[in-house]
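Structural characterization, general
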Amino acid sequence: SDVLRDSFLKLEDLPPIELPSPPPLYTRRRDVGDQHVPLQVLGWAKKMEELSDWTDKHCPRPNSSENNKRIVALRNIPAELPEGHRRHAPVRDPAEPRRLKWCFAVATNKTQEDMDRGKDMALIDAFRVALDCKTAPQWYRVYNVQYVWFQLFSVQSTVPQLYRV
């Protein structure tokens, strides 16, 4: 990998954060009426421009197009995340509902076990270092659940596995 290791934040440079309150557990079927809870992820949502900026800082490609820089970021950021936790999903940020963003997910509300990952400060700090991000993760509603089952629940460690909804 051609990632510049000395370009990342250091653990000691990370400010303390307060984690957001978790959502209820995901409910799979809409036939539960008002009790339906959508799939959500806890992580950091990045705009396409932010992915290009990440590449400029950590894997410089002076003659690359913006699109190629985004692809480089989407390939290299997961490689910097802890093994078994390399997940991302398309989300819409409530602050910018018309923009699709990529969320690098620490946890989901799919199971209690997965929600508990969202309390692991060592894991969260490892994500913050890899993403070059001093802020706390936030909960986001997943944009396209059918697409996401592949990327989100196949932690990209070896061969991705498709989980059934």
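Residues numbered from 1 in each chain as written. Predicted model: local features only at pLDDT ≥ 70, side-chain atom pairs only at ≥ 80, totals over all residues. Heavy atoms only, no water.

A few points about unusual backbone geometry
Look at aspartate 132: it is not a glycine, yet its phi comes out positive at around 60°. Of note, aspartate 132 is situated in the loop between helix 4 (121-131) and strand 4 (138-141). (Helix = DSSP H or I, 4+ residues; strand = E, 2+ residues; numbered from the N terminus.)

Details of the confidence of the model for the protein
Should pLDDT be low for a region, the predicted coordinates there are not to be read in detail. Scored by pLDDT, the protein comes out at a mean of 81, with 80% of its residues at no less than 70. Contacts from residues 153-165, a stretch scored under 50 in pLDDT, to residues over four places away or in other chains number 27 contacts. (pLDDT = per-residue confidence, 0-100. Contact = heavy atoms within 4.5 Å.)

Some thoughts on the environment of aspartate 132
For aspartate 132, a relative accessible area of 24% puts it in the partly exposed group. Considering only alpha carbons, one finds aspartate 132 and leucine 14, 118 residues apart in sequence, at a separation of 9.5 Å. Leave out the neighbours within four places in its chain, and aspartate 132 touches Leu9, Lys57 and His58. (Buried < 20%, exposed > 50% of the residue type's maximum accessible area, 1.4 Å probe, protein only.)

Focus: helix 4
Counting buried positions over the 11 residues of helix 4 gives eight, a clear majority of the element. Taken together, the buried positions of helix 4 are occupied by Leu123, Ile124, Asp125, Phe127, Arg128, Val129, Ala130 and Leu131. Where helix 4 is buried, its residues touch strand 1 (40-46), helix 1 (48-58), helix 2 (66-80), strand 3 (96-108) and helix 3 (112-117). Looking at where helix 4 begins, the residue whose side-chain oxygen comes 3.1 Å from the main-chain nitrogen of alanine 122 is aspartate 120. Two residues or fewer after helix 4 comes aspartate 132, characterised by a positive phi angle close to 60°. (Polar contact = N/O pair within 3.5 Å; in protein donor to acceptor, adjacent residues only side chain to side chain.)

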